[in-house]
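# Commentary on secondary and tertiary structure
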Amino acid sequence: MTFIRVTQHRVSFLVTSQASQSKHYWRPSFGIAFDIDGVILRGREPIGGSPQALRRLYGDSGIFRVPFLLLTNGGGIPESKRAAELSDLLGVNILPSQVVQGHSPFKNFLKRYENELVVATGKGDPALVMSEYGFKKVLSLDEYASYFKDIDPVSQYKMWTTKQVVERSGHWMDIVSNHNVLSNKVKAVFIVSDPVDWGRDIQVLCDILGSGGLPGCGDSGHQPPLYFAADDLEYQAAFPSERLGMGAFRIALESIFNRIHHNQLQYVSFGKPNPFVFNNAESILSQLELSCRTDHLKEHDEIGSPRFNTLYMIGDNPLVDIKGARQAGNPWVSILTRTGVFRGQHNHAEFPADLVVDTVEEAVDYILQKECIS
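Worth saying up front: this structure is predicted, and the values here are computed from it rather than measured.

## Describing the layout of surface pockets
Roughly 590 Å³ of volume is contained in the largest pocket. Around the largest pocket sit 33 residues that line it, and Asp37, Gly74, Gly75, Arg82 and Lys123 are the ones nearest its centre. Contributing elements (two or more residues each) for the lining of the largest pocket: helix 2 (79–90) and helix 12 (318–328). Residue contributions to the lining of the largest pocket peak at four residues, all from helix 2. Taken together, the residues that form the lining of the largest pocket break down as ten nonpolar, eleven polar and twelve charged. Each of domain 1 (30–102 + 272–293 + 303–371) and domain 2 (104–269) contributes no fewer than three residues to the lining of the largest pocket.

Structure (structure tokens):
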């Protein structure tokens, strides 16, 4: 049997010469990254024809025929749970590997902090997120603060804090029995998602970071490393106007810390528009692309086959999605929707996209037509 590779309209085919079984096996030469909030969803409601748009990326068997992922600066829950929620809301099968959240890069710190005491904060369940990445001694800031009497002087007015302290998980009990929080320094702090109690979190983080890792003991060492999952100033949620994001919290924490401590706050931020995020997305899309191939194609594909010709970033925030794609450069192409942060009639002045559309459905229509896929 002879195999011939024919390239046409940016899609690669393998054709068999066997007369009785002439089959075409194709490999997509492009991939798509979708932002979630303001593009796919607003709150928990699908927008812009997103369910219909995503269904066009799947074949009759229910397996996606175009590699795509959901690239968000949001988070707070494990990727597996987010994938299940998105599958239910959108009516398509989203794999955990297709969900890349702002805190997904934190798993790269496992080797460094796996057995160290670390604190994670944010909405959702930040400690569970880090635990699923493999961190063995992680406490949420809620849990950590509960060890230090009077660390939050207004806690008596926060009824939800009492409820959280009472409802401890088995994970928390394991940490308590195996680690002396009051005598061991915090080795790193991870802002996993947008914090809920800004006042308490800023106070406790200033205590941890300004003391060298152990609140109440004065300045006794270097600041523990601080990592932010993203640095969005604003994002589009269910409310009509934009909401303050993790970047706003970072500004508040940094401003206060720098006013009360001699040394300036040191931190590292991930999330779009960080070039790392787009490089990582390309690597993940390359792995997902393997799932789009037939076993026959995988067997006969050339080693070191060319990378994607085009990667599309579909987003609603020019300062995050479009800026990031522009900075990443070739092969990224940026598409800006009007369903979220951006509502302009024309393109964004500072970070213009390669294409501006009304909805994500229109963006997918454009991509499939351009790539000659029906």
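Let's pick the thread back up.
## Notes on the sheet that holds strand 16 (residues 310–315)
Taken in spatial order, the six strands line up as 8-7-4-16-17-18 in an open sheet, and their pairing is parallel. Either end of the sheet is taken by a strand with one partner, and the two such strands are strand 8 (99–100) and strand 18 (355–357). As paired elements, strand 4 (residues 30–34) and strand 7 (residues 68–71) share three bridges and run parallel to each other. Across the sheet, phenylalanine 34 pairs through a bridge with leucine 70, a residue of strand 7. Packing of helix 12 onto the sheet brings it into contact with strand 16 and strand 17 (332–337), and relative to strand 17 it is tilted by some 165°.

## Here's the deal with the sheet that holds strand 10 (residues 138–140)
Overall, parallel pairing links the five strands, which are arranged 10-9-11-12-15 in an open sheet. Of all strands in the sheet, those bounded by a partner on one side alone are strand 10 and strand 15 (268–269). This element, helix 8 (residues 198–210), spans strand 9 (118–121), strand 11 (188–191) and strand 12 (226–228) of the sheet and lies at about 155° to strand 11.

## Things to note about the nonpolar core
Judged by nonpolar contacts, the single largest core of 45 residues is most densely connected at Ile32, Phe34, Leu57, Phe68, Ile94, Ile314 and Trp332. If we skip the residues at most four places from it in the chain, leucine 57 touches Ile32, Phe34, Phe64, Arg65, Val66, Phe68, Val364 and Leu368. In terms of nonpolar packing, the next biggest core, distinct from the first, is built from 42 residues, Leu117, Val118, Ile202 and Leu205 among them.

## Examining empty space enclosed by the protein
Inspection of every chain in the model, using the stated rule, returns one cavity of 30 Å³ or more. Looking at the largest cavity, its volume works out to about 60 Å³. Residue lining of the largest cavity: Leu71, Thr72, Asn73, Val100, Gln101, Gly102, Pro105, Gly271, Lys272, Phe276, Val277 and Asn280, and that is the complete set. The residue makeup of the lining of the largest cavity, split by class, is five nonpolar, six polar and one charged.

## What to know about helix 8
Its 13 residues place the ends of helix 8 17 Å apart at the C-alpha level, agreeing with the 18 Å of an ideal helix rising 1.5 Å per residue. Burial in helix 8 covers these residues: Arg200, Asp201, Ile202, Val204, Leu205, Cys206, Ile208, Leu209 and Gly210. Each element contacted by the buried residues of helix 8 is listed here: strand 9, helix 5 (141–145), strand 11, strand 12 and helix 9 (246–260). In the segment just after helix 8, glycine 212 is the residue with positive phi, at about 85°.

## Remarks on the packing of helix 8 against helix 9
Where helix 8 contacts helix 9, the two axes come as close as 10 Å, and the packing angle between them is 50°. Relative to helix 9, the element helix 8 is oriented oblique. As helix 8 packs across helix 9, the resulting crossing turns out to be right-handed. Mapping the contact onto sequence places Trp198, Asp201, Ile202, Leu205, Cys206, Leu209 and Gly210 in helix 8 and Ala248, Phe249, Ala252, Leu253, Ile256, Phe257 and Ile260 in helix 9. By residue class, the composition of the contact of helix 8 with helix 9 is twelve nonpolar, one polar and one charged.

Parameters and conventions
- Residues numbered from 1 in each chain as written.
- Predicted model: local features only at pLDDT ≥ 70, side-chain atom pairs only at ≥ 80, totals over all residues.
- Heavy atoms only, no water.
- 1 Å grid on protein atoms, 1.4 Å probe; cavity = no way out; pocket = protein on both sides within 12 Å on 5 of 7 lines; lining within 4 Å.
- Points joined across faces, edges and corners; volume = space filled by probe spheres on them.
- Helix = DSSP H or I, 4+ residues; strand = E, 2+ residues; numbered from the N terminus.
- Nonpolar A, V, L, I, M, F, W, Y, C, P; charged D, E, K, R; others polar.
- Domains from an automatic or database assignment.
- Pairing = 2+ DSSP bridges.
- Contact = heavy atoms within 4.5 Å.
- Axes fitted to C-alpha atoms, helices over the stretch in contact; angles between N-to-C directions.
- Core = buried A, V, L, I, M, F, W, Y, C linked by side-chain atoms within 4.5 Å.
- Buried < 20%, exposed > 50% of the residue type's maximum accessible area, 1.4 Å probe, protein only.
- Expected span 1.5 Å × (residues − 1).
- Parallel < 35°, antiparallel > 145°, perpendicular 65-115°, else oblique.
- Left-handed = near helix turned anticlockwise from the far one by under 90°.

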